[in-house]
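# Structure assessment
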Amino acid sequence: IPICGDPLHKEAAMLNELDAALSSEKRYHVSETIPDNDNKPVEPAMEPAYKILIADDHPLFREAISSVIATGFAGSEILETADLDSALEITRENDDLDLILLDLNMPGMHGLNGLIKKIKIKKKS
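Residues numbered from 1 in each chain as written. Predicted model: local features only at pLDDT ≥ 70, side-chain atom pairs only at ≥ 80, totals over all residues. Heavy atoms only, no water.

## What about unusual backbone geometry?
Put simply, the test is: Helix and strand assignments come from DSSP, with helices taken as H or I runs of at least 4 residues and strands as E runs of at least 2, each series counted from the N terminus.
Despite not being glycine, H110 shows a phi value in the positive range, around 55°. With respect to the helices and strands, the residue H110 is situated in the loop between β3 (99-102) and α4 (111-124).

Here it is, written out as structure tokens:
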């Protein structure tokens, strides 16, 4: 049994009051209009689409990461590859990539040093 001076009781009462106040207000949806705004429809906020490269030799990891990105950033273009050479090729062909997710332990990588070495070799050729 909550006591009137109990902080949890006060918090619950405040939440109930807030809920009652919000329930009585008119809520607008995307298809409705805003008053005093020439009755123009409300446009949904458009999030920017991103171009993302996922480079990982494990297909299940690529699929999981791709799914999370597609859910969180709808409309984004997701490119996938399984090795470093094709990842470097994709980066050369797509200079507008916003993000590269790179598995530093995939074959041929040898950690960050392997990536740096590959980039230096590719720049010389």
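Moving on from the coordinates now.
## Structural notes on a nonpolar patch on the surface
Let me state the cut-off plainly: Here, patches come from residues exposed beyond 30% relative accessible area and free of salt bridges, joined within 9 Å for like charges and within 5 Å for nonpolar side chains (Val, Leu, Ile, Met, Phe, Trp, Tyr). Per-residue and other accessible areas were derived by the Shrake-Rupley procedure at a 1.4 Å probe size, with only the shown protein chains allowed to occlude residues. Only one rule defines a salt bridge in this text: a Lys or Arg side-chain nitrogen within 4 Å of an Asp or Glu carboxyl oxygen.
On the surface, a nonpolar cluster with roughly 250 Å² of combined accessible area is contributed by L104, L112 and I116. Positionally, I116 belongs in helix α4.

## Things to note about the pairing of strand β2 (residues 77-81)
Two faces belong to every sheet, and in a regular strand the side chains alternate between them. To keep it simple, the criterion reads: Note: two strands are recorded as paired if DSSP finds a minimum of 2 bridges between them. The path from the first strand over the helix to the second decides the hand: if it runs clockwise while the strands point away from the viewer, the crossover is right-handed.
Relative to β2, strand β1 (residues 51-55) runs parallel, the two being bridged by five bridges. Considered in β2, the bridge of K51 is made with E77. This β-α-β element, β1 to helix α2 (residues 59-72) to β2, shows right-handed connectivity.

## Some thoughts on the packing of aromatic side chains
Test applied: In summary, the pairing rule links any two rings of Phe, Tyr or Trp, Trp by its six-membered ring, whose centres are within 6.5 Å, and it sorts them by plane angle into stacked for under 30 degrees, edge-to-face for over 60 and tilted for everything else.
Tallied over the entire structure, the rule returns one aromatic pair. An angle of 85° between the planes, with centres 5.6 Å apart, marks the rings of Y50 and F73 as edge-to-face. Of this pair, Y50 sits in the loop between α1 (7-24) and β1 while F73 sits in the loop between α2 and β2, and the two are 23 residues apart along the sequence.

## A word on the nonpolar core
Among soluble globular proteins, nonpolar side chains are generally buried collectively. Convention followed: Here, nonpolar core means buried Ala, Val, Leu, Ile, Met, Phe, Trp, Tyr and Cys residues that are tied together by side-chain atoms lying within 4.5 Å of each other. Accessible area is worked out with a 1.4 Å probe on protein chains only. A residue is then buried under 20% of its type maximum, exposed over 50%, and partly exposed in between. We call two residues in contact whenever any of their non-hydrogen atoms come within 4.5 Å of each other.
Membership of the largest hydrophobic core is limited to 11 residues, which are L53, A55, L79, L84, A87, L88, I90, L97, M106, M109 and L115. Counting residues per element, the ones that place at least two in this core are β1 and α3 (84-93). Looking at which element gives the most residues to this core, the answer is α3, with four residues. For L97, the contacting residues outside a window of four places in its chain are K51, I52, L53, L79 and T91.

## Let's talk about the side chain of D103
So the rule is basically this: Charge assignment in this entry is limited to Lys and Arg as positive and Asp and Glu as negative, and neither His nor the chain termini are counted. Identification of polar contacts relies on pairs of N or O atoms within 3.5 Å, with a donor-acceptor requirement for protein atoms, meaning one able to donate a hydrogen and the other able to accept it, and with residues adjacent in sequence counted only if both atoms are side-chain atoms.
Turning to its location among the elements, D103 is positioned in the loop between β3 and α4. The buried charged residue D103 lacks any salt bridge, with R62 as its nearest oppositely charged partner at 8.3 Å. Within the local environment of D103, its side chain forms a polar contact with the backbone nitrogen of N105, the two atoms lying 2.8 Å apart. Excluding residues within four positions of it along the chain, D103 makes contact with A55, D56, D57, H58 and M109.

## Focus: α2
Short version of the rule: Expected helix span is computed as 1.5 Å times (number of residues minus one). Within this analysis, the arc is defined by the directions that extend from the helix axis to the C-beta atoms.
Here α2 spans 20 Å end to end across 14 residues, near enough to the 20 Å set by a 1.5 Å rise per residue. Along α2, the residues classified as buried are R62, S66 and I69. Looking down the long axis of α2, one finds its buried residues gathered within 65° of arc, a one-sided arrangement. More than 90 degrees from the buried face of α2, the exposed residues found are L60, E63, V68 and T71. In this structure, the buried residues of α2 make contact with β1, β2 and β3.

## Here we look at the side chain of T81
When you line up the elements, T81 lands in strand β2. Overall, the relative accessible area of 8% leaves T81 in the buried class. With near-sequence residues (within four places) excluded, T81 lies in contact with L53, I54, A55, D56, R62, S86, A87 and I90.

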